[in-house]
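The chain contents come next:
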Amino acid sequence: MKRKKLMALCLAAAMSASMLAGCGSDGKEASGDSKEQSSAEESGEEAQDSAEESSGEEAEASDSKAPDDGAAGGAAAANVPAFEDIQFPDTMPANPTLAEDGWYDYDDMSVHYDLEFLTYNYGEELPANDPIAAWLNEKFNVTITLTTAASGDLESILSTRFSSDDVPDLFSLPSLDYGFTLGEQGLLVDASEIYPYMPQTCKFVTTTLLEYTTMEDGSIPVFTKYAIQDGDIWGLAIREDWLESLNMEMPTTLDELKEYARACTFDDPDGNGQDDTWFMTGAGNGTGFGCLGGFQPWFGNPAARAQDGKLVSPMLDGSHKGWITFMHELYDMNVLAPDWFTIDWESAKAYMLKGRVGMVNYPSGALYNEQALANDNDFAGAAKTWAYLPSLPDGAKGGAGGNAGPLWAIPKSKVEGDQGKLMRILHIMDSMCYGGDSYFATVQGGGNEVHEGYEADVREYLPDGTNYCYVDASHPGFDGTYGTTNLALATWQNFGYTLKWQMEYVTDDMDPDLKAQKEKTNEGIKAMAGYDRWPNDGLLSTVSTSTIAPNLGEYEIQQLYKFVVGERSMDEWDDYVKEWLDRGGRDVLTAQAEKLGVELPDEAK
């Protein structure tokens, strides 16, 4: 579906009649496996495309509702901005700032509301004595019922509840398309009437995210912000100890990197006298290039996008060819492990964590923790092993961040005639956003303030906008009070949690080896945060290739592999592009152009 540009969006918002006035556990105790570490986030991503519909039980205010005029007056007094006056950022902030006092003066906290929120869980039901809900209830003068379901059941549950006129006050969506379907039926509050009351959230709503959630007519039926685990936490790390043994400096150019790759493979960097080291492995399990995909954005924007009224595709602008050419050079140098293409991720850890390859593509926290655990808890050794590239080669950029987090929606039927209720919901939501004063209380099983008598966690914002969110092994989410996996209360994380700015907790009096490992982890996180990155154009241009051209993906991988290993000459690239277009690529580009509202490039016609 073609989406309007932001100018049309703001015009539509200005013309519409607004219904509102104004507009980490300690590494020694956890396995730290990168796949296990992200399992909760991955299951959340299934519902991430989820701009949740308006389906939840009709919540009634247990006390008298605030008069409409009173709510409007409070909003005006609090200087709530008009939607069209909000300055949404182009990218996620590198150093987020905190919410400010006085932002929520629009909310008359003397009025009590009964509210139902609906979202997905992580395989465990919320406890009946939910301490996070109890804490929020007291703080915000509400009674919240948090209803949860498996992410795969959300659509059927919401459809049933909408058909029976029994919807929640706030819900997360199973997909963006489902949110658009509800929006087309006029069932949801437009986000132009939501974001003005969420000033902290607006810091994390990029212009791309805003356009992504905007329908063709300019309406915005869902609202969102950052993802729990974004793609930009992955980066390329190099064996720092091998650089030292090889008497080499950190590579800063592609030529220097290739020289390092050659030395990793042929100059015995580990000094064991054996021919058993390589530059890299892929770990794509024969269906992709795995770790080697980390180089792709170095050669150009890897996403299709609109430019000067036409579609620009990495398949046609030379960037895709540049990446494949570089991988062919690495293969031709014999610096890739023998099974680089066929090996799977878990098996490849025997290379990556056991001193057999000189570069990996990994999240920083997972890399240093898994390196230590794979080598008899050698935390000091892990700190001396890897270092993330402090900068990328000239002209190179990192992969895009700024993916959508859980998508949320509010049914019109639940707040019409009661602006105060809507403002209370948005006040609560904004408070749970990163930088808000309820963030730490509602993530990772709830903070110290939520659990009476518990004081072991360290959760705090740091001066540079990052944070510590240390969860002790004695946390009630682990000790049996609320389960033993800290997943029983994890559903609350859907409202605001993110790993994006989270540092490893470090103290001067901790074990020196563990401290060194955690400090190195934080260096990696900060290095990746400093990379110049491509905009997240894929959010706007992605289409279902498997539906449009079911066999194209398999054909593409087969042919790209042949180019990498020399079974096809790079001189045949133009021939391959023509084949790709004829096998369904042209249909894919046509769909992308239609989605973006631009013309096909001449070479694709």
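Residues numbered from 1 in each chain as written. Predicted model: local features only at pLDDT ≥ 70, side-chain atom pairs only at ≥ 80, totals over all residues. Heavy atoms only, no water.

*Asks:* Hey, could you go over the packing of helix α10 (residues 254–266) against helix α11 (residues 319–332) for me, with residue numbers and the actual values?
*Replies:* Two elements in contact, α10 and α11, have axes separated by 11 Å at closest approach and are oriented at 30 degrees. Judged by the inter-axis angle, α10 sits roughly parallel to α11. Here α10 and α11 pass one another in a crossing that is right-handed. Residues L254, L257, K258 and A261 of α10 lie in contact with α11, whose contacting residues are F326, E329 and L330. Of the residues that constitute the contact of α10 with α11, the class distribution is 5 nonpolar, no polar and 2 charged. (Axes fitted to C-alpha atoms, helices over the stretch in contact; angles between N-to-C directions. Helix = DSSP H or I, 4+ residues; strand = E, 2+ residues; numbered from the N terminus. Parallel < 35°, antiparallel > 145°, perpendicular 65-115°, else oblique. Left-handed = near helix turned anticlockwise from the far one by under 90°. Contact = heavy atoms within 4.5 Å. Nonpolar A, V, L, I, M, F, W, Y, C, P; charged D, E, K, R; others polar.)

*Asks:* Got a sec to walk through the packing of aromatic side chains? Specific residues and values, please.
*Replies:* Summed over all chains, the structure comprises 42 aromatic pairs. Judged by centre distance (6.2 Å) and plane angle (15 degrees), the ring pair of F289 and W340 falls under stacked. Taken together, the residues span a long stretch of sequence, with F289 in the loop between α10 and β5 (305–307) and W340 in the loop between α11 and α12 (345–352) at a distance of 51 residues. Assigned by exposure class, F289 and W340 land together as buried. (Phe/Tyr/Trp six-rings, centres within 6.5 Å; stacked < 30°, edge-to-face > 60°. Buried < 20%, exposed > 50% of the residue type's maximum accessible area, 1.4 Å probe, protein only.)

*Asks:* Quick rundown of the sheet that holds strand β7 (residues 359–363)? Include the residues and the values.
*Replies:* The 3 strands lie next to each other as β7-β4-β8, forming an open sheet whose pairing is antiparallel. What marks the edges here is a single partner per strand, and that holds for β7 and β8 (386–388). Between one strand and the next, the sheet's axes are offset by a mean angle of 40 degrees, whatever the strand orientation. Relative to β8, strand β4 (residues 234–239) runs antiparallel, the two being bridged by 3 bridges. Bridge pairing in β8 links A237 to Y388. (Pairing = 2+ DSSP bridges.)

*Asks:* Tell me about the pairing of strand β2 (residues 142–149), and please be specific about residues and values.
*Replies:* Residues in a regular strand point their side chains to alternate faces of the sheet. One ladder, built from 8 bridges, connects strand β1 (residues 113–120) with β2; its direction is parallel. Within β2, the residue paired with D114 across the bridge is T143. Crossover handedness for the path β1 to helix α5 (residues 131–140) to β2: right-handed. (Right-handed = clockwise from strand over helix to strand, strands pointing away.)

*Asks:* Please give an account of the confidence of the model for the chain that cites residues and values.
*Replies:* Predicted confidence across the chain gives a mean pLDDT of 89, with 87% of residues reaching 70 or more. Segment residues 1–73 is flagged for pLDDT under 50; beyond a separation of four residues in sequence, or across chains, it makes 238 contacts in the model. (pLDDT = per-residue confidence, 0-100.)

*Asks:* Got a sec to walk through a negative patch on the surface? Specific residues and values, please.
*Replies:* On the surface, a cluster of negative charge is made up of D376, D378, D511 and D513. Position of D513 relative to the elements: it lies in helix α18 (residues 512–529). Look at D513 and you get partly exposed, because its relative accessible area is 39%. (Patch = residues over 30% accessible without salt bridge, like charges linked within 9 Å, V, L, I, M, F, W, Y side chains within 5 Å. Areas by Shrake-Rupley, 256 points an atom, 1.4 Å probe, with all protein chains shown as cover. Salt bridge = Lys/Arg side-chain N within 4 Å of Asp/Glu carboxyl O. Lys, Arg positive; Asp, Glu negative; His and termini not counted. Charge placed at Lys NZ, Arg CZ, Asp CG, Glu CD.)

*Asks:* Before we move on, can you summarise the pattern of salt bridges with the specific residues and values?
*Replies:* Applying the stated criterion across every chain yields a total of 26 salt bridges. R161 is paired through a salt bridge with D166; the nearest N and O atoms lie 3.7 Å apart. The salt bridge partner of D267 is R262, with a shortest N-O separation of 3.1 Å. On the basis of relative accessibility, which here comes to 31%, the residue R262 falls in the partly exposed class. Each of E116, R161 and D166 takes part in salt bridges that share partners, so that together they form one network.

*Asks:* Give me the lowdown on the packing of helix α13 (residues 364–373) against α18, citing residues and values where you can.
*Replies:* For the pair α13 and α18, interaxial distance at closest approach is 8 Å and the crossing angle is 155 degrees. Relative to α18, the element α13 is oriented roughly antiparallel. Considering the relative orientation of α13 and α18, their crossing is right-handed. Counted together, S364, G365, Y368 and N369 of α13 and Q517, K520, T521, G524, I525 and M528 of α18 form the full contact between these two elements. Residue composition of the contact of α13 with α18, by class: 3 nonpolar, 6 polar and 1 charged.

*Asks:* I'd like to hear about helix α7 (residues 176–184), residue by residue, with values.
*Replies:* Of all the positions in α7, only L176, Y178, G179, F180, L182 and G183 are classed as buried. Against the buried residues of α7 lie α6 (154–163), β3 (170–172) and α8 (207–212). Just downstream of α7 lies G186, where phi reads positive at about 70 degrees.

*Asks:* A description of the state of the cysteines should follow, citing residues and the corresponding values.
*Replies:* The tally for this structure, following the rule as stated, stands at 0 disulfides. Residue C433 stays outside any disulfide, its sulfur separated by 9.2 Å from that of C202, the closest cysteine. When its relative accessible area of 0% is taken as the criterion, C433 is described as buried. (Disulfide = S-S within 2.5 Å.)

*Asks:* So what's going on with the sheet that holds strand β11 (residues 467–470)? Which residues, and what values?
*Replies:* The 3 strands are arranged β10-β11-β12 in an open sheet whose pairing can be described as mixed. Both outer strands of the open sheet, β10 (458–461) and β12 (502–503), are each paired with one neighbouring strand and no more.

*Asks:* Break down unusual backbone geometry for me, citing the residues and quoting the values.
*Replies:* A positive phi angle is found at N141, which is not glycine, with a value near 55 degrees. Structurally, N141 can be placed in the loop between α5 and β2. For N141, a relative accessible area of 23% gives the class partly exposed. A positive phi angle, close to 55 degrees, is found at N377, a residue other than glycine.

*Asks:* If you had to explain the side chain of N536 to someone new, which residues and values would you point to?
*Replies:* Positionally, N536 belongs in the loop between α18 and α19 (538–541). At a separation of 2.9 Å, a polar atom in the side chain of N536 contacts the side chain of N403. (Polar contact = N/O pair within 3.5 Å; in protein donor to acceptor, adjacent residues only side chain to side chain.)

*Asks:* So, the pairing of β10: which residues are in play, and what are the values?
*Replies:* The pairing of β10 with β11 spans 4 bridges and is classified as antiparallel. Following the sheet pairing, Y461 is matched in β11 by N467. Between the antiparallel neighbours β10 and β11 lie 5 residues, among them G465 with a positive phi of about 95 degrees.

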